[in-house]
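If you want the building blocks of each chain, they are given just below.
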Amino acid sequence: HVFQLFGHSLVLLRHKGELFALEDRCSHMGTSLASGDVEDLADGRAVLRCPGHGICFDLRTGSSNKTYKQRVYPLRKADGKIQVLLDRLDQRKRKREIEVQEE
């Protein structure tokens, strides 16, 4: 799912029961990551493969198999809702609640 939060386009995905939020536009060429595939690597990491050029981004860190890094947003659960935490350049914390179905 892609969400717009405070001017940020995020892709929210669930993998093995855990939620992850990443910047939707690939840091390499700007392709939307929403239709990318999640893959489990032999080293135990889960990655999101960009549908544009195949660059893989770690779901937890945003690091890639190239020199590119994708922004990852921390999530937390509060009052039965998922909150996405957005760090701003002015060091203030902003949060936005989104509705996500529990499995």
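Structure shown above.
Residues numbered from 1 in each chain as written. Predicted model: local features only at pLDDT ≥ 70, side-chain atom pairs only at ≥ 80, totals over all residues. Heavy atoms only, no water.

**Quick notes on the nonpolar core**
Heads up, the rule is: By nonpolar core is meant a set of buried Ala, Val, Leu, Ile, Met, Phe, Trp, Tyr and Cys residues that side-chain atoms within 4.5 Å join together. In this scheme, a residue with accessible area under 20% of its type's maximum is buried, one over 50% is exposed, and one in between is partly exposed, where area comes from a 1.4 Å probe on protein chains only. Only DSSP runs of H or I covering at least 4 residues are called helices, and only runs of E covering at least 2 are called strands; the numbering of each starts at the N terminus. Only heavy atoms enter the contact rule, under which two residues are in contact if any of them lie within 4.5 Å.
Formed by V11, L13, F20, L22, C26, L33, A46, L48, C50, I55, F57 and L59, the largest nonpolar core amounts to 12 residues. Counting only elements with at least two residues in this core, the list comes to β2 (8-15), β3 (18-23) and β5 (46-49). Excluding its chain neighbours within four sequence positions, the residues that come into contact with L59 are L13, H15, F20, L22, V38, A46, V47, L48 and V72. Judged by nonpolar contacts, the second largest core, of 7 residues, contains L5, L10, L12 and A21.

**Some words on the sheet that holds β3**
Rule in force here: One requirement defines pairing of two strands: DSSP has to find at least two bridges between them.
Taking strand neighbours across the sheet as the criterion, the 4 strands line up as β1-β2-β3-β7 in an open arrangement whose pairing is antiparallel. Two strands close off the open sheet at either side, each with one partner strand: β1 (2-5) and β7 (72-73). Across 6 bridges, the pairing between β2 and β3 is antiparallel. Across the sheet, residue V11 finds its bridge partner in β3, namely L22.

**Describing the sheet that holds β5**
Within a beta sheet, neighbouring strands are joined by backbone hydrogen bonds and run either parallel or antiparallel to one another. Basically, it comes down to this: Axis lines are fitted to C-alpha atoms, over the contacting stretch for helices. Their N-to-C directions set the angle, which ranges from 0 to 180 degrees.
Taken together, 3 strands build an open sheet; the order of strands is β4-β5-β6 and the sheet is antiparallel. Two strands lie at the open edges of the sheet, namely β4 (37-40) and β6 (56-58), each paired on one side alone. Shown here is a sheet whose adjacent strand axes are inclined to one another by a mean of 35°, direction ignored. Relative to β5, β4 runs antiparallel, the two being bridged by 4 bridges. Paired with D37 across the two strands is R49, which belongs to β5.

**With respect to the pairing of β3**
Judged by how many residues are buried, β3 sits mostly within the fold: 5 of 6 residues are covered. Connecting the antiparallel pair β2 and β3 is a turn made up of 2 residues, with K16 showing a positive phi of about 50°.

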